[in-house]
Amino acid sequence: MRKFVAVALAVVLAGSFSAQAFAGCGTCDKTVVENAVAAKSFNTLVAAVKAAGLVETLSGEGPFTVFAPTDEAFAKLPEGTVESLLKPENKEKLISILTYHVVPAKVMAKKVVGLNEAKTVQGSTVKIEVKDGSVILNGKAKVVKTDINSSNGVIHVIDTVILPKS
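Small disclaimer: the values here were computed from a predicted structure and weren't measured. Note that residues are indexed from 1 along each chain, following the sequence as it is written. pLDDT decides what is reported in this predicted model: residues at 70 or higher carry local features, side-chain atom pairs at 80 or more are listed and counted, and totals for whole chains, interfaces and linings draw on all residues regardless. Note: side-chain values were computed over all heavy atoms of the structure, leaving out hydrogens and water.

Engineer: If you had to explain unusual backbone geometry to someone new, which residues and values would you point to?
Structural biologist: Each neighbour pair has its own omega, and for Gly62 with Pro63 the value is 5°, a cis peptide bond. Strands are runs of DSSP state E lasting at least 2 residues, helices are runs of H or I lasting at least 4, and numbering of each runs from the N terminus. Mapped onto the elements of the fold, Pro63 is located in the loop between helix H4 (55–58) and strand S1 (64–69). Positioned with a positive phi, Lys40 is a non-glycine residue whose angle comes to about 65°. Relative to the elements of secondary structure, Lys40 occurs in the loop between helix H2 (32–39) and helix H3 (43–52). The exposed category is assigned to Lys40, whose relative accessible area is 60%. Categorising residues by exposure relies on relative accessible area from a 1.4 Å probe, with only protein chains included: less than 20% of the type maximum marks a residue as buried, more than 50% marks it as exposed, and the intermediate range marks it as partly exposed.

Set out below in structure tokens:
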């Protein structure tokens, strides 16, 4: 019986890998910016990336790992924060916050779970821990979706905006 179950599982897994191979990645031919735009749940992030002048950089060769806050994550910030950050006079602060969400390497979820921290493009490190089966950044932001493959990196979706120490 055990051998039958193992063979059946192998057939099912082989079939799913074959289906994936034929189906393609779906997001692999787009940059992290193009995938963020297409997802429709990162409108605030995309607006911030544009305001910071980072579209070209994040559309570049990479590789990048982007811990991408959703629109709901930005909505958790105190009222007026996003609007203030989008003003031209706050561009440097916005760049600092956005680049704190980017690691200059492609780090897939299976590797992220083994890290204690990661150095960001901003220059600081973000703390990483696994709590109750979830990856948590800086003790606050939960990774809610992983491994959105892109041509120049990967996106991991987070539910809270993380801020570098001032």
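Engineer: Quick rundown of the sheet that holds strand S5 (residues 134–137)? Include the residues and the values.
Structural biologist: Pairing in this open sheet of seven strands is mixed, and the strands run S2-S1-S7-S6-S5-S4-S3 from one edge to the other. Edge strands, defined here as strands with exactly one partner in the open sheet, are strand S2 (102–103) and strand S3 (117–119). Contacts are residue-level and defined by heavy atoms, with any inter-residue pair within 4.5 Å sufficient. Lines are fitted to the C-alpha atoms to define the axes, a helix being fitted only along its stretch in contact, and any angle between axes, read from their N-to-C directions, falls within 0 to 180 degrees. Packing of H2 onto the sheet brings it into contact with S1, strand S6 (141–150) and strand S7 (153–158), and relative to S7 it is tilted by some 40°. The pairing criterion for strands is at least two bridges between them, as found by DSSP.

Engineer: Lay out the environment of Leu58 in plain terms, naming residues and giving numbers.
Structural biologist: Relative to the assigned elements, Leu58 resides in helix H4. Separated by 41 residues in sequence, Leu58 and Thr99 have C-alpha atoms that sit 9.8 Å apart. Beyond its immediate stretch of four places on either side in the chain, Leu58 contacts Thr31, Val32, Val33, Val49, Phe64, Val102 and Asn152.

Engineer: Describe the nonpolar core, listing the residues and the values that go with them.
Structural biologist: Note on terminology: a nonpolar core comprises buried Ala, Val, Leu, Ile, Met, Phe, Trp, Tyr and Cys residues joined through side-chain atoms within 4.5 Å. If you look at the biggest cluster of nonpolar residues, it comprises 28 residues, and the most contacted ones within it are Phe42, Leu45, Leu58, Val66, Leu98 and Ile155. For this core, the elements supplying multiple residues, two or more each, are H2, H3, S1, helix H5 (71–75), helix H6 (81–85), helix H7 (91–99) and S7. Setting aside anything within four residues of it in sequence, one finds Leu45 in contact with Ala68, Pro69, Asp71, Phe74 and Leu98. Residues Val112, Ala118, Ala141 and Val143 belong to the second largest nonpolar core, which totals 14 residues.

Engineer: So what about the pairing of S6? Which residues, and what values?
Structural biologist: One ladder, built from two bridges, connects S5 with S6; its direction is antiparallel. Directly across from Ile136, in S6, lies its bridge partner Lys142. Counting the residues that bridge the hairpin from S5 to S6 gives three residues, and of these Asn138 lies at a positive phi of roughly 50°. Two strands pair when backbone bridges link them, and S6 and S7 are joined in this way by five bridges, in the antiparallel orientation. Residue Asn149 lies in a different strand from S7, and its bridge partner there is Val154. Linking S6 to S7, which pair antiparallel, is a turn of two residues.

Engineer: Outline the layout of surface pockets, listing residues and values.
Structural biologist: Cavity: a set of points on a 1 Å grid over the protein atoms alone where a 1.4 Å probe fits but cannot get out. Pocket: an open set with protein on both sides within 12 Å along at least five of seven lines, its lining residues, like those of a cavity, having an atom within 4 Å of a point. Grid points are joined across faces, edges and corners, and a volume is the space filled by probe spheres set on the points. Its boundaries defined by the atoms lining it, the largest pocket holds a volume of some 240 Å³. Forming the boundary of the largest pocket are Tyr100, Ser124, Thr125, Lys127, Asn138, Lys140, Val161, Ile162, Leu163 and Lys165. The classification used treats Ala, Val, Leu, Ile, Met, Phe, Trp, Tyr, Cys and Pro as nonpolar, Asp, Glu, Lys and Arg as charged, and all other residues, Gly among them, as polar. Partitioned by chemical class, the residues of the lining of the largest pocket number four nonpolar, three polar and three charged.

Engineer: Please provide a residue-by-residue account of the packing of H3 against H7, values included.
Structural biologist: Viewed as axis vectors pointing N to C, H3 and H7 meet at an angle of 125°, and their least axial separation amounts to 9 Å. By the criterion of interaxial angle, the relationship of H3 to H7 is oblique. Between H3 and H7 the crossing geometry is left-handed. Listed contacts from H7 to Leu45, Ala48, Val49, Ala51 and Ala52 of H3 are Lys91, Leu94, Ile95 and Leu98. Angles are sorted into four bins: roughly parallel if under 35 degrees, roughly antiparallel if over 145, roughly perpendicular if 65 to 115, and oblique for all others. Helix crossings fall into two classes, left-handed where the near helix is turned counterclockwise from the far one by less than a right angle and right-handed where it is turned clockwise.

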